[in-house]
Amino acid sequence: MFSEHRQRLIRQLPAGAAAVLTANDTMPTNADGTMPYYPNVNVYYLTGLTEEDAMLALFPGHPDPALREILFIKRVDQMFVKWLGRRADKNTASEISGIRTVFYTDEFWAVMKRVLPLCNAIYLHTNEHARSDNETQTREDRLLLDCKQRYPLHRYERLYPILARQRNAKTPGETALLRKASGITEKGFRRVLQTIRPGQTGMQVAAEMIHEYMQYNATWAYEPIVAFGADACILHFRANESTGKDGDLVLIDAAAQFRYYNTDLTRTIPLNGRFSPRQRAYYDAVLRVHQQVAQEVKAGILIKDLWKISNNLLLGELVGLGLCTTADINKHDAQHYLNKYCYHNVSHFLGLDVHDTGYYDEVMPAGAVITNEPGIYNEEEGIGVRIENDLLVTENGFEDLMKTIPKEAEEIEDLMNR
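About the thresholds
Residues numbered from 1 in each chain as written. Predicted model: local features only at pLDDT ≥ 70, side-chain atom pairs only at ≥ 80, totals over all residues. Heavy atoms only, no water. Salt bridge = Lys/Arg side-chain N within 4 Å of Asp/Glu carboxyl O. Helix = DSSP H or I, 4+ residues; strand = E, 2+ residues; numbered from the N terminus. Phe/Tyr/Trp six-rings, centres within 6.5 Å; stacked < 30°, edge-to-face > 60°. Buried < 20%, exposed > 50% of the residue type's maximum accessible area, 1.4 Å probe, protein only. UniProt positions renumbered as here; feature names shortened; annotations may be inferred. Pairing = 2+ DSSP bridges. Axes fitted to C-alpha atoms, helices over the stretch in contact; angles between N-to-C directions.

**Student:** Any chance you could break down the pattern of salt bridges for me, citing the residues and the numbers?
**Tutor:** One side chain can pair with another of opposite charge once the charged atoms of both are near each other. Tallying each qualifying case throughout the model produces 28 salt bridges. Here Asp 356 ties to Arg 167 by a salt bridge, and the two come within 2.7 Å at their closest N and O atoms. Here Asp 356 is found in the loop between helix 13 (334–341) and strand 13 (369–372), whereas its partner Arg 167 is found in helix 7 (residues 160–168), with 189 residues between them in sequence. A salt bridge links Arg 278 to Glu 381; the nearest nitrogen and oxygen atoms lie 2.9 Å apart.

**Student:** Can you tell me about the packing of aromatic side chains, naming the residues and giving the values?
**Tutor:** Counted under the stated rule, the structure contains 11 aromatic pairs. A centroid spacing of 4.9 Å and a plane angle of 75° characterise the contact between Phe 108 and Trp 109, whose relative ring orientation is edge-to-face. Judged by its relative accessible area of 3%, Phe 108 is buried. Ring-pair connections join several aromatic residues into one group, and the members of that group are Phe 2, Tyr 38, Tyr 44 and Tyr 260.

**Student:** How would you sum up the UniProt feature "domain: Aminopeptidase P N-terminal" (unreviewed entry) in the protein? Please name residues and give values.
**Tutor:** Those residues carrying the UniProt feature "domain: Aminopeptidase P N-terminal" (unreviewed entry) are residues 1–133 in this numbering. End-to-end, the C-alpha atoms of residues 1–133 are 31 Å apart, and along that stretch the chain is 27% helix and 17% strand.

**Student:** Please provide a residue-by-residue account of the sheet that holds strand 16 (residues 389–393), values included.
**Tutor:** With respect to topology, three strands assemble into an open sheet ordered 13-16-17, the strand pairing being antiparallel. This sheet does not close on itself; its edge strands, each paired only once, are strand 13 and strand 17 (398–400). This sheet shows a mean twist of 35° between the axes of neighbouring strands, independent of strand direction. Where strand 13 meets strand 16, four bridges bridge the pair, whose relative direction is antiparallel. Residue pairing across strands places Val 369 opposite Leu 392, the latter belonging to strand 16.

**Student:** So what's going on with the sheet that holds strand 8 (residues 225–228)? Residues and values would help.
**Tutor:** Spatially, three strands are ordered 8-9-12 in an open sheet, and the strand pairing comes out antiparallel. The open sheet terminates on both sides in strands that have one partner only, identified here as strand 8 and strand 12 (266–270). Across the sheet, the mean angle from the axis of one strand to that of its neighbour is 15°, orientation sign disregarded. In terms of strand pairing, strand 8 meets strand 9 (residues 249–253) through four bridges, oriented antiparallel. Residue pairing in the sheet places Val 226 in a bridge with Ile 252 of strand 9.

In structure tokens:
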């Protein structure tokens with residue numbers, strides 16, 4: 001799979017161009033502590049390696065075939081192994097990645113002297129994600145500065161748009177991993193339906209899910225959200241010590257990551273196993289929007305079009321719930337009521353990042369994976385409902401990767417009361 005990804009990228013590089021990518025930094029906490037390391041997913045996407053210090057250089061036009069794909073890994077001594085464990089050696093790294101030429105990272109600039117002077121453009125990656133708001137200098141940033149200092153007269157180009165569009169259209173191998181992650185997510189949710197009860201905290205609910213995920217060598221795709229009652233109206237209310245009460249709805253936004261491929265699931269369930277009539281009215285309204293939006297999904301549509309479709313449907317449901325009238329909407333503007341009760345878009349891209357690469361102003365290709373997550377929130381009534389599945393975009397429609405995860409109100413109640 002990783003060799004296939006590299007070949008797709010190489011075919012998009014112009015003649016005479018080289019591409020260089022680097023791993024992420026290991027970030028500090030306090031004293032001698034560090035955060036759990038998280039790899040640069042682009043390096044993983046192209047090599048299969050997840051270890052810190054990994055680097056990749058691609059120069060398909062190099063006269064020496066051995067220097068057209070070069071992988072760099074950390075040099076490890078026995079003291080490192082005794083304290084931190086085994087790492088991939090050159091042979092293992094070559095087997096995982098399919099790259100025959102492997103050097104140590106401390107040899108990077110010596111090797112690059114044999115590569116970069118022969119190219120006429122250097123493609124580097126920086127984080128151009130529309131939602132990124134990072135003030136920390138990254139290893140990618142430092143690589144860009146080092147390259148420009150050493151080779152100031154080269155032409156520099158952006159790798160992000162190429163990889164963003166490539167990663168947006170998933171390969172069959174990637175969709176297989178996303179299906180696996182969705183299946184693990186389902187197991188976690190079904191476990192919660194059997195174990196959740198009034199008096200539990202959000203962390204206790206989350207613990208049931210992570211217990212199930214870890215049985216399949218998976219972990220969280222993102223920090224889990226477990227919100228009771230009015231807290232469900234806070235979109236990123238993290239699972240904490242808050243306790244659910246009899247009669248509360250509980251919004252659970254939590255999903256599994258398997259081999260760095262992320263799923264994204266939200267369900268809203270009655271903590272005591274039965275929806276009240278008013279809770280059921282909200283739930284059915286959101287479910288109708290969820291089902292109608294899905295029917296609009298196919299290759300060639302803009303994700304922004306789905307946002308508009310969802311907003312129009314939600315406005316109709318707000319009227320049906322008595323939260324406003326058509327006259328109110330005409331008087332105060334539709335956005336006023338969307339901001340009050342439906343304050344997020346219905347969809348984002350999904351994959352190696354939870355908010356994955358892709359452009360909202362470009363039509364979606366077959367192979368894109370998106371979320372479908374309409375929601376209605378009313379803090380005054382203590383009700384927040386969101387229903388979310390992950391959809392694989394196809395030429396003529398979609399495949400719901402979470403179609404077997406319970407979402408009909410009757411099925412949820414039945415499973416909770418067995």
